[in-house]
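Coordinate inspection notes
One-letter residues, chain by chain:
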Amino acid sequence: MTTRYSTGEVCAGGECSSLDPDLYRIMAESRDYAELYWAWDGWRDAVGKPARDDYKEYVRGKNKAAVANDQPDSGAYWRSVYEVDDLKADVLKLYNELKPFYQQLHAYVRRKLYNVYGSKYINLDGPIPAHLLGNMWAQKWREIFDICEPFPGKLSVDITPSLKEKGYDALRMFETADEFFTSLGLYPMPPEFWNHSMIVKPDDREVVCHASAFDFYNQKDFRIKQCTDITQTDFRTIHHEMGHIQYYLQYKHLPVVYRRGANNGFHEAVGDVLALSVTTPKHLHAIGILDEISDDPESDINYLMRVALDKIAFLPFGLLMDIWRWGIFDGTTPITKMNEEWWKLRLEYQGLIPPTKRSESDFDAAAKYHIVSDVPYVRYFIARIFQFQFHEALCNASGHTGPLHKCDIYQSQEAGKLLGDMLKLGASVPWPVALEKITGQRQMSALSLVKYFEPLMEYLEKENGRNNETIGWPNKEWMPEAPPAWKSSSTRTSMATTTLIQMYLITILLTYCVM
Ligand code: KAW
Ligand code: ZN
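Residues numbered from 1 in each chain as written. Chains lettered and ligands numbered in written order. Predicted model: local features only at pLDDT ≥ 70, side-chain atom pairs only at ≥ 80, totals over all residues. Heavy atoms only, no water.

Describing unusual backbone geometry
Omega for the bond connecting Asp20 with Pro21 falls within 30 degrees of zero, at 15°, which places this linkage in the cis form. Positive phi is not limited to glycine here, since Ala138 has a value of about 55°. Looking at the element boundaries, Ala138 is found in the loop between β3 (128–129) and α7 (145–148). Under the relative-accessibility criterion, Ala138 is labelled buried at 0%. You will see that Asn468, though not glycine, has its phi angle at about 55°, which is positive. Looking at the secondary structure, you find Asn468 in the loop between α20 (447–466) and α21 (489–514). Residue classification places Asn468 among the exposed positions, given a relative accessible area of 68%. (Helix = DSSP H or I, 4+ residues; strand = E, 2+ residues; numbered from the N terminus. Buried < 20%, exposed > 50% of the residue type's maximum accessible area, 1.4 Å probe, protein only.)

In structure tokens form, the structure reads like this:
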């Protein structure tokens, strides 16, 4: 399944598009309803549908292994590593605290999409078609910031053009990230990392492009594999992956059994915490990526909107991926209704619908890497919560005062030590103990996240109130009109060529007949 995913392509007119970077770019940059549908649907046809039988086999095998390990099913096995009584109840409780925020963002974005695509494709009381949000899975929406910008004309921090203008390549992006880690007194990436990591997509062989970080368990070899594109998104992913490597470096002295994160969510949160500082306008200006910045409330809201389109939009997706798998593993979802259940959850949690009717001959969950590659996902939801708890604690340690979204811990030895001391523990203590060491709290809490986004929440409530928006998506039965057929430019070119050849042949034929 992973191989099919990694080599999958969508073809039209004799030209094929890979997921990374071709389809990613279409999903992010196109504003053509039909073209977006072509990429979205084509990817699901290429890698989702064909995975169905393999996935059934996979579920059987996974459950057999779980039972052999004294667990009722594979979902229970996955949840057991968190060592809490009821992980599902814990994460749902957190999600319900954050749901009002997601719903405000959803209503705001739906209005903006309505202004672009109109009433044929967007219903202001209904769910949003899943292919319009700038990402193949609608899991983060930051690529449609141009549509959603609260104050056009005010500063909005998109560093993609600056990275390109200033001649950044993948290596320089990695070096910049490394410098942030070392500025905190954390470890630099070791020579083996620089010598053996794969940081650009090779053109002489097929590779799994989904980013990952490897611990070779010999205390010196640690590597990243990433098909880096020169974009803001990939700059963030670099920090994310380096966060995994930093954790590996910090706990490499421990016995092998403890060389893990205290909590899988911690492993996924380390790099993201640093990225919260790195991507502040003040920091990007300080390191010369941004030439100008401005400090006023409207630019602030623009900045927070960009962050929210990533962090807040992701929350329901981060949760539903495993809610779906837990249901399949424990048999609550029959194997014959896997796709129906997927879309039930996409509607319930994310307020999204497929752009056209789906059936059980589709298998849309399998169009996502972690599903076909057996990587549990609730860790990313948990990491979203922890990273703001960590961020607040590190900002306090660095002496930051003022709003949390303006904090940059760059060069703070105090913040670096607090983080490093926690990472050094690996899995040698229960996670609440490690959490307490850094934040003083023993529980996951959404309060820091809420605090970070407070000014944006206020703005969204005011703006949605002013437009009299429906909060939520009560019109659940609504469906968008069918997308018009879309022809890729190469299809159009080859059709034009075909038409020319046909006309030429007809002319010859007519000339011949007349003669
Ligand atoms: C995300 C995370 C951070 C920032 C932005 C984000 N946007 C979306 C996500 C969630 C998720 C995604 O793309 O849907 N992110 C990733 O998958 C990043 C890749 C990874 O670093 O998490 C990688 C996934 C992986 C796991 C197992 C095999 C192959 C790939 N995880 C690791 O490399 C890893 C390393 C150490 C410990 C645990 C995991
Ligand atoms: Zn990760």
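So, the pairing of strand β2 (residues 15–18)
Relative to β2, strand β1 (residues 9–12) runs antiparallel, the two being bridged by four bridges. Of the residues in β2, the one forming a bridge with Ala12 is Glu15. Connecting β1 to the antiparallel partner β2 that follows it, the hairpin turn spans two residues, and Gly13 within it adopts a positive phi of roughly 55°. (Pairing = 2+ DSSP bridges.)

Quick look at the site of ligand 1
Taken together, 22 residues lie near ligand 1, and His210, Glu241, Lys368, Tyr377 and Tyr380 sit nearest. One of the side-chain N or O atoms of Tyr377 is found 2.5 Å from an oxygen atom in ligand 1. At 2.6 Å from an oxygen atom of ligand 1 is found a side-chain nitrogen or oxygen belonging to Tyr380. Taken together, the elements giving at least two residues each to the shell around ligand 1 come down to β4 (212–215), α11 (232–250), α12 (264–278), α16 (369–372) and α17 (378–398). If one sorts the elements of the shell around ligand 1 by residue count, α11 sits on top with five residues. (Near = heavy atom within 4 Å. Polar contact = N/O pair within 3.5 Å; in protein donor to acceptor, adjacent residues only side chain to side chain.)

Concerning the confidence of the model for the protein chain
Residue-level pLDDT values for the protein chain average 95, and 95% of them are 70 or greater. Residue range residues 492–499 is modelled with pLDDT below 50. Its contacts to residues more than four positions away, or to other chains, number four contacts. (pLDDT = per-residue confidence, 0-100. Contact = heavy atoms within 4.5 Å.)

A closer look at the packing of aromatic side chains
The description of an aromatic ring pair rests on the distance of the ring centres and on the angle between the ring planes. Counted under the stated rule, the structure contains 38 aromatic pairs. Between Phe151 and Tyr459, the ring centres sit 5.5 Å apart and the planes meet at 55°, which makes this aromatic pair tilted. With Phe151 in the loop between α7 and α8 (160–165) and Tyr459 in helix α20, this pair connects stretches of sequence that are 308 residues apart. The class for Phe151 is partly exposed, based on a relative accessible area of 21%. Assessed through its relative accessible area of 12%, Tyr459 is described here as buried. It is Arg306 that lies over the ring of Phe145; its NZ or CZ is 4.0 Å from the centre. In this arrangement the basic side chain of Arg384 is found over the ring face of Phe314, its NZ or CZ atom lying 4.3 Å from the centre. (Phe/Tyr/Trp six-rings, centres within 6.5 Å; stacked < 30°, edge-to-face > 60°. Lys NZ or Arg CZ within 6 Å of the ring centre and 35° of its normal.)

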